[in-house]
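# A closer look at the structure
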Amino acid sequence: MAERYHAWQIGIFAYTDADLVTAITMTNIPEAVGIARAAQSFHIPAVISFTVETDGRLPTGGTLEKAITAVDQETDGYPVYFMINCAHPPHFHEEIRKSGDWTKRLLGPRANASRISHEELDNASVLDAGDPDELGKSYRALLEILPHACVLGGCCGTDHRHTGAICKACLGQGKAA
């Protein structure tokens, strides 16, 4: 179902000069698999980015390891790489510290500025901008366990202060520099 749903849009991109398609804030495995399969059917590279809750698990309860492994198994490893977005680094740091081959497929964190949960962010009357320097340090800690990461960026609540702090903290660290 997800493959059919996303195929029309991916098909449009496939017939343009687009280099790849990226599915951001994926909350479940079946939709991620469907997107990867649709991209595969149009021969356009795909990137899949999952989001996690404060416990490091997808909103549907699965782990990042399970999600990445399942998408790779169901699509013969079709996605070019995977990312994490819309979560603060401490929310997923422990999950990726467990390591394994699946973490080599994880090339990009795009974290929220805030440490609070998605539910708290959704109900906030003012966006929590978090601490840019703390976010930068969190990214540097991520590069210690994901030295192959090469796509760094921000998601909800980030601005030039956050990206500046990320660059400052990570400059000279692996491929991300």
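See above for the structure.
Overview of the structure. As the structure is a prediction and not an experimental result, all values here were calculated from the model. (Residues numbered from 1 in each chain as written. Predicted model: local features only at pLDDT ≥ 70, side-chain atom pairs only at ≥ 80, totals over all residues. Heavy atoms only, no water.)

## Some remarks on the pattern of salt bridges
Per the stated rule, a full pass over the model turns up six salt bridges. Its salt-bridge partner being Arg105, residue Asp72 comes within 2.8 Å of it at the nearest N-O pair. Placement of Asp72 in helix 3 (residues 64-75) and of Arg105 in the loop between helix 4 (89-97) and strand 4 (106-111) is noted, with a sequence separation of 33 residues between them. We note that Asp72, like Arg105, is buried. (Salt bridge = Lys/Arg side-chain N within 4 Å of Asp/Glu carboxyl O. Helix = DSSP H or I, 4+ residues; strand = E, 2+ residues; numbered from the N terminus. Buried < 20%, exposed > 50% of the residue type's maximum accessible area, 1.4 Å probe, protein only.)

## A closer look at unusual backbone geometry
Note: most residues except glycine have negative phi, and most peptide bonds are trans. Located in the positive-phi region is His43, a residue other than glycine, with phi close to 55 degrees. With respect to the secondary-structure elements, His43 resides in the loop between helix 2 (29-41) and strand 2 (46-50). At Cys86, a residue that is not glycine, the phi angle is positive and equals roughly 60 degrees. By relative accessible area, which is 10% here, Cys86 ends up buried.

## Considering the environment of Gly153
Its location among the elements puts Gly153 in strand 5 (residues 153-154). Relative accessible area serves as the criterion here: at 13%, Gly153 is assigned to the buried category. In this structure, the C-alpha to C-alpha distance between Gly153 and Glu65, residues 88 residues apart in sequence, is 21 Å. Excluding anything up to four places from it in sequence, Gly153 contacts Pro109, Arg110, Ala111, Tyr139 and Ile166. (Contact = heavy atoms within 4.5 Å.)

## A few points about the state of the cysteines
Summed over the entire model, instances satisfying the criterion amount to zero disulfides. Cysteine Cys155 is unpaired, with the sulfur of Cys156 as its nearest cysteine sulfur at 4.2 Å. Free cysteine Cys170: the closest other cysteine sulfur is in Cys167, separated by 7.7 Å. (Disulfide = S-S within 2.5 Å.)

## Concerning the packing of aromatic side chains
Enumeration over the complete set of coordinates arrives at two aromatic pairs. For the pair Tyr15 and Phe42, a centre-to-centre distance of 6.4 Å together with 85 degrees between the ring planes defines the contact as edge-to-face. One end of the pair, Tyr15, is in the loop between helix 1 (2-14) and strand 1 (21-26); the other, Phe42, is in the loop between helix 2 and strand 2, with 27 residues separating them in the sequence. For Tyr15, a relative accessible area of 70% gives the class exposed. Ring geometry for Phe50 versus Phe82: centroids 6.3 Å apart, planes at 10 degrees, classification stacked. Residue Phe50 is located in strand 2, and its partner Phe82 is located in strand 3 (residues 81-85); the two are separated by 32 residues in the primary sequence. Phe82 carries the same exposure label as Phe50, and that label is buried. (Phe/Tyr/Trp six-rings, centres within 6.5 Å; stacked < 30°, edge-to-face > 60°.)

## Quick notes on the sheet that holds strand 1
Sheet architecture is open: five strands sit in the order 1-2-3-4-5, paired in parallel fashion. The two strands at the open ends of the sheet, each matched to only one other strand, are strand 1 and strand 5. Taken together, the four bridges between strand 2 and strand 3 define a ladder with parallel strand orientation. In the sheet register, Ile48 faces strand 3, and the bridge partner there is Phe82. (Pairing = 2+ DSSP bridges.)

## Describing the environment of Met26
In this fold, Met26 is placed in strand 1. Considering only alpha carbons, one finds Met26 and Ala111, 85 residues apart in sequence, at a separation of 14 Å. Setting aside chain neighbours within four positions, we find Met26 in contact with Glu31, Ala32, Ile35, Ile48, Ser49, Phe50 and Thr51.

## A look at the pairing of strand 3
Of all five residues making up strand 3, five are buried, and the element is well covered by its neighbours. Neither face of strand 3 is open: one carries Tyr81, Met83 and Asn85, the other Phe82 and Ile84, and all of them are buried. For the handedness criterion, the β-α-β arrangement of strand 2, helix 3 and strand 3 is classed as right-handed. Where strand 3 meets strand 4, four bridges bridge the pair, whose relative direction is parallel. In the sheet register, Asn85 faces strand 4, and the bridge partner there is Arg110. (Right-handed = clockwise from strand over helix to strand, strands pointing away.)

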